[in-house]
Amino acid sequence: MSASAGPTTPPAFSPTGTYVPGEPWSSGVRRGPDGALTVAGVDVRELAVAQGTPAYVLDEADLRERARSYRRAFEAAFAEVGAGVDVYYAGKAFLSVAVARWVHAEGLRVDTATGGELAVALRAGVPGEHIGLHGNNKSDAEIARALEAGVGRIIVDSLVEVERVAAASRARGGAPAPVMIRVTTGVHAGGHEYISTAHEDQKFGLSLATGGSVASAPGAQVEDSPAMTALLAVLAHPELELLGIHSHIGSQILDPSGFEVAARKVLELRAALAERTGFLVPEVDLGGGYGIAYLPGEVALDPDRIAKDVAASVAASSADLGTPLPRFSIEPGRAIVGPAGLTLYTVGTVKPVRVGGPTGDGEAESTTVRTYVSIDGGMSDNIRPALYGADYHAELANRLSDAEPVLARVVGKHCESGDIVIHDVLLPGDVRAGDLLAVAATGAYGRSMASNYNHVPRPPVVAVTDGEARVLVRRETEDDLLALDLG
Ligand SMILES: Cc1ncc(COP(=O)(O)O)c(C=O)c1O
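Asker: Help me get a handle on the packing of aromatic side chains, residues and values and all.
Answerer: Tallying each qualifying case throughout the model produces 7 aromatic pairs. Note on Tyr70 and Phe74: the rings are 6.1 Å apart at their centroids and 10 degrees apart in plane angle, and the pair reads as stacked. One end of the pair, Tyr70, and the other, Phe74, are both in helix H2 (residues 60-80), 4 residues apart, so they sit about a helical turn from each other. Residue Tyr70 shares its accessibility class with Phe74, and that shared class is buried.

Printed below as a string of structure tokens:
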């Protein structure tokens, strides 16, 4: 958590797996006197009885505080250098009607990536002009819906899409459609490092690498980059308003320098376009990807620090280039909702498994035992560990234990041996069926990436606020699943 949103020092962490408040938990998590966790004053044992498990639990005050922290940090830092900034909440991390309302009430706008996310934001009452629509393969229906809703921006991802959005805008009549061009800067960030490459081999955006254009636009030259070609194509369409340039460089970024390098490249492109055409693109979006703590001892990116660093860097780049600063925007998702969520599971089978076995060369047999702790969910409610090796932390949530800790592996109930939620975590040695386990920082890309694998109904999302629990998204039932099966 950031300095402005809570403690920045890693929490004390007992080897027994006993939780002490702090990262990676939401600020409303405490361990009560009888050893059970509470979230915003709600006892997880009561939650489990009332809502069943697995359940996603969302700490509303924590989420809102993170939204405020990001908005205030960026507004203050960019005001300092004379630039305006908008913060868009990246709904792909998790979007429901209530969450869209919360973030909008905290002064954020909403970034959507599909017609479905757009529908949720609109249902929440977020005004169209405060919504952005992304997507590398938007359907005609999605484009038409966005135009009808009067979205503030459509982030265009290819040259073909320039033509498609222009055609849709022409067919509709009225004001030109506000578009941004998504560019790939060659900067890739995530974890602690970033790398920079010239040519991009990915589906998103249009490359800045010169000579990479495989299509043309009025005024474009063969050596122009695909990004420049797309900007010129937008300018050539009266049905389009060229609002900005967009760059998203990665996820779970903990090193701010990647943002600065990418911003510089975008500002260079903006200056080059102004020199060619006299048109100065009014806005630049720097994307999302702000890293959070998933494990005890990890420290999230501090919004105050990153905002100051990036603001100072873009101000310096603009001064170098001799162009006035644009208006900026950012799109954090995980950093707003990730740490505000936890998943509550009930423990089922607990199985000690000897790891290694006989060596076969006369050496003593391995004595390492791993305790497989099976929970009542798994890869259907949290695919991130299986999908890209994401790490999580869990603790016993319904009681304290002074049993010796054991090396545990938290696994799900699905028919995949890769159905692992946590590879290695210390849990009390007496962990047993019926215990509750809480997995921290599951608010982002948990429910939003959930599936019905093995026909497992998806868990509910329960908000907790001031001692009260409220279901935001109800649990799916077998009837829900069967309702789609026409027999
Ligand atoms: C264009 C864009 N913006 C914002 C985000 C949000 O990223 P994060 O949740 O890591 O902040 C993503 C994530 O993939 C993205 O692709």
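Asker: Tell me about the pattern of salt bridges, and name the residues and values.
Answerer: In the structure shown here, the tally under the stated rule is 26 salt bridges. Residue Arg45 is joined to Asp43 by a salt bridge in which the shortest nitrogen-to-oxygen separation is 2.7 Å. By relative accessible area, Arg45 is classed as partly exposed at 29%. A relative accessible area of 12% means that Asp43 is categorised as buried. Close ionic contact of Asp224 with Arg276 constitutes a salt bridge, the shortest N to O distance being 2.8 Å.

Asker: Now, about the site of the ligand: what can you tell me, with residues and values included?
Answerer: The immediate surroundings of the ligand are formed by 16 residues, with Gly289, Glu331, Gly333, Arg334 and Tyr445 found nearest. Here an oxygen atom of the ligand sits 3.4 Å away from a polar atom, N or O, in the side chain of Lys92. The separation between a nitrogen atom of the ligand and a polar side-chain atom of Glu331 is 2.7 Å. Considering the ligand on its own, with 400 Å² of exposed area, one finds that the protein chains cover 92% of that surface. When the residues that make up the shell around the ligand are grouped by side-chain class, the tally is 4 nonpolar, 7 polar and 5 charged.

The rules behind the values
- Residues numbered from 1 in each chain as written.
- Predicted model: local features only at pLDDT ≥ 70, side-chain atom pairs only at ≥ 80, totals over all residues.
- Heavy atoms only, no water.
- Phe/Tyr/Trp six-rings, centres within 6.5 Å; stacked < 30°, edge-to-face > 60°.
- Helix = DSSP H or I, 4+ residues; strand = E, 2+ residues; numbered from the N terminus.
- Buried < 20%, exposed > 50% of the residue type's maximum accessible area, 1.4 Å probe, protein only.
- Salt bridge = Lys/Arg side-chain N within 4 Å of Asp/Glu carboxyl O.
- Near = heavy atom within 4 Å.
- Polar contact = N/O pair within 3.5 Å; in protein donor to acceptor, adjacent residues only side chain to side chain.
- Areas by Shrake-Rupley, 256 points an atom, 1.4 Å probe, with all protein chains shown as cover.
- Nonpolar A, V, L, I, M, F, W, Y, C, P; charged D, E, K, R; others polar.

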